[in-house]
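Letter by letter, the chains look like this.
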Number of protein chains: 2
Amino acid sequence: MICESTTAVPITVAYQAFLDELTDAGLLTSLGVPGVYGYSGVFEHVLESFDLLTTRRVPHAQAEVMRFPGLLSREHYLKTSQMENFPDLMGSIHSFTGREREHMAMLGKRDRGEDWTQDLTPSALMLTPACCYQMYPTATGTLPAGGRTFDLRSPVFRHEPSIDPCRTQVFRQREFVRLGNPDEALQHRGTWLALGKDILNEVGLNVEIIPANDPFFGRAGRVMASAQKEQELKHEIIIAVSSEEKPTAIASTNYHLDYFGNAFDIKSSDGATAHSACIGFGLERVTLALFKHHGLDPDYWPSEVKNALGL
Amino acid sequence: MICESTTAVPITVAYQAFLDELTDAGLLTSLGVPGVYGYSGVFEHVLESFDLLTTRRVPHAQAEVMRFPGLLSREHYLKTSQMENFPDLMGSIHSFTGREREHMAMLGKRDRGEDWTQDLTPSALMLTPACCYQMYPTATGTLPAGGRTFDLRSPVFRHEPSIDPCRTQVFRQREFVRLGNPDEALQHRGTWLALGKDILNEVGLNVEIIPANDPFFGRAGRVMASAQKEQELKHEIIIAVSSEEKPTAIASTNYHLDYFGNAFDIKSSDGATAHSACIGFGLERVTLALFKHHGLDPDYWPSEVKNALGL
């Protein structure tokens, strides 16, 4: 006997529906590759307004502000465990370094439908897998007493084409990072878990905080994911955006223990390897959550939300 | 008899000196690869203020605002003559698409000092060589009467490592682009040559306009460069920044004839292949010009400049 079950709508249907809504409203324009969009002036105005709101709420008068281009030195990339853990997300930048003869050969391959990219050479650069990676190598050495606090922003690349408008191959992260001793790092993480939630509540987003893990690659990755979750090193601030069933992490906090301190030779003022912690806001995801929850036209958003954003 | 001549300072000395000044002032931080920097909050505030000034000066009430991530579909890249003309500037994005066995093999190559990047595959994406390239494919089809005008901004990548702080591998372009018939495109170019100069004068930059050419690759490239210059298709708005002898182009206008209209099947409302023209401001270069000409501390800039920038 076959029991009738409710037919669950595949999640891709929800993704496509939300993407169509956003495209029809002119907020997103497809650039011909999944997960790569142009954004309208209306979308960007909301995004930048949220970014400014976080600036207004930063509790650290001494945060060092840095803005990065989204490129990480290959040498620095190799000092991390990115290739072990997230090889499938990497973006390696390759260019052409030949002369005219090699140029003709490469054009010939292209014209014959052969793989001309084999004639390229890897540059000194990767696309950065997270904003703060660009900062740690600049902090090599001994921290002052009290450590250092950073206010960062950068484009970030993750090779994960998707039709979920919340999962783009490049996105902008706004991060607040603390380098110091373990207590300082943990205090930063705790402060920002609460403050991040408050800021998102201010703009009418009823988020939830959950322990989470990164998408470590392969079978060994599953072990690492469990360990990370058990040790509560990562929390995600989540809300339903593209799909009710599978909420989206629109921000996350991460306690890195001494991982970056080790990788980039950063010492606390007491000589121990520095610890670090950060919060990262996914600016496009927060913006998409605002459009999802308040409607596609910001003119009609609740006034408390508009006021929080300065709209 | 040996005549004494004045010893010209090599330009690299000028570049390094300016880079050192900027780094010592905390405006730029090296990220370990020539031409890749983190920028301080002070630098970014000036950059964004200039960007906002251009917004205030845009004469086109009907400009369509789009903001791009700096990634161009490889398929779209191949529809242009970028590979013929600027192969040395390209940024091709490669990633890892294997499973665990290939992953172990790649890690092994890395550990043995072999070229592990050979195990990567080209993605569907390039880094964009100019901001507007991301827009043209979205405009395929027939334009409305009067054409279309765009207000664009994007990171841009050019593989040209340099110690000149004005020549970065990634930079931000703010562009105003016109798609239409030849008269409309030329009028846009003419309007913006004058307006661009005015805006830069407003912030105390005494720029000059010169006919110019793009850095076409190879021997054939020299012919193309001459043709472009003779036809006055490209103008650069220049001012001394890193070096007195070799001024920097901090903005440029380009009349593309029907190049993009052809490449991306864009037609005017009368059925002819569309023409296009654009102005692009190099936002970091304008900002560097401001620090060069007015000093390293914006608090002490002339008040008319501060007022124009809203500082």
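What you are looking at is a predicted structure, and each value in this text was computed from that prediction instead of being measured. (Residues numbered from 1 in each chain as written. Chains lettered and ligands numbered in written order. Predicted model: local features only at pLDDT ≥ 70, side-chain atom pairs only at ≥ 80, totals over all residues. Heavy atoms only, no water.)

A. Spatial organisation of the side chain of T253(B). All names here are of chain B. Counting through the fold element by element, T253 comes out in strand β12 (residues 248-255). On the accessibility criterion, T253 (0% relative accessible area) is buried. Those residues in contact with T253, other than ones at most four positions away along the chain, are R189, L193, L233, K234, H235, C278 and I279. (Helix = DSSP H or I, 4+ residues; strand = E, 2+ residues; numbered from the N terminus. Buried < 20%, exposed > 50% of the residue type's maximum accessible area, 1.4 Å probe, protein only. Contact = heavy atoms within 4.5 Å.)

B. A look at the relation of the copies chain A and chain B. Each copy superposes on the other: chain A lies on chain B with an RMSD of 0.0 Å after a rotation of 180° and an axial shift of 0.0 Å. Taken together, the rotation and translation relating the two chain copies correspond to the operation of a two-fold axis. Among all residues of chain A, the minimum C-alpha distance to the rotation axis is found for I93(A), at 2.5 Å. When the interface residues of chain A are mapped onto chain B, 100% of them again lie at the interface, so the same face is used by both copies. (Least-squares fit on C-alpha atoms with pLDDT ≥ 70 in both.)

C. Representation of the sheet that holds strand β8 (residues 148-157) of chain A in the model. Spatially, nine strands are ordered β10(A)-β11(A)-β12(A)-β14(A)-β9(A)-β8(A)-β3(A)-β2(B)-β1(B) in an open sheet, and the strand pairing comes out mixed. Of all strands in the sheet, those with a lone pairing partner are β10 (208-211) of chain A together with β1 (28-30) of chain B, marking the two edges. Averaged over neighbouring strand pairs, the angle between their axes works out to 25° when direction is ignored. Both β8(A) and strand β9 (residues 170-180) of chain A contribute to a ladder of 10 bridges, which runs antiparallel. Across the sheet, residue F157(A) finds its bridge partner in β9(A), namely V170(A). Sheet strands in contact with helix α2 (residues 41-57) of chain B are β3 (64-67) of chain A together with β1 and β2 (37-40) of chain B, and its direction is about 80° off that of β2(B). (Pairing = 2+ DSSP bridges. Axes fitted to C-alpha atoms, helices over the stretch in contact; angles between N-to-C directions.)

D. Spotlight on the confidence of the model for chain A. Taken as a whole, chain A shows an average pLDDT of 96; of its residues, 97% reach a score of 70 or greater. Here the predicted complex scores 0.96 on pTM and 0.96 on ipTM. (pLDDT = per-residue confidence, 0-100.)

E. Main features of the side chain of N85(B). Structurally, N85(B) is set in helix α4 (residues 82-85). Once you skip the residues sitting within four places of it in the chain, N85(B) turns out to touch P215(B), F216(B), F217(B) and M224(B).

F. Just the interface of chain A and chain B, in detail. The interface of chain A with chain B comprises 62 residues on the first partner and 62 residues on the second. Each partner contributes to the roughly 4800 Å² buried at the junction of chain A and chain B, and carbon and sulfur atoms together form 70% of this total. Looking at the side of chain A facing chain B, the largest losses of area belong to L31(A), M83(A) and W116(A), adding up to 11% of the total buried there. The interface formed by chain A and chain B includes four salt bridges. The interface formed by chain A and chain B contains 18 residue pairs in polar contact (both at pLDDT 80 or more). No other element matches strand β6 (residues 121-127) of chain A, which puts six residues into the side of chain A that touches chain B. Of the residues in the side of chain A that touches chain B, the class split is 30 nonpolar, 22 polar and 10 charged. Pairing of strand β5 (residues 92-95) of chain A with strand β5 (residues 92-95) of chain B, which is carried by three bridges, proceeds in the antiparallel orientation. Note on β5(B): the bridge partner recorded for H94(A) is S92(B). (Buried area = accessible area lost by both parts, 1.4 Å probe. Salt bridge = Lys/Arg side-chain N within 4 Å of Asp/Glu carboxyl O. Polar contact = N/O pair within 3.5 Å; in protein donor to acceptor, adjacent residues only side chain to side chain. Nonpolar A, V, L, I, M, F, W, Y, C, P; charged D, E, K, R; others polar.)

G. Structural view of the environment of Q169(B). Residue placement: Q169(B) occurs in the loop between β8 (148-157) and β9 (170-180). Sequence separation of Q169(B) and G70(B) is 99 residues, and the distance between their C-alpha atoms is 12 Å. Setting aside residues no more than four positions away along its own chain, Q169(B) makes contact with L125(A), V33(B), P34(B), G35(B), V36(B), V156(B), F157(B), R158(B), H159(B), E160(B) and P161(B). A polar atom in the side chain of Q169(B) sits 3.1 Å from the backbone oxygen of P34(B).

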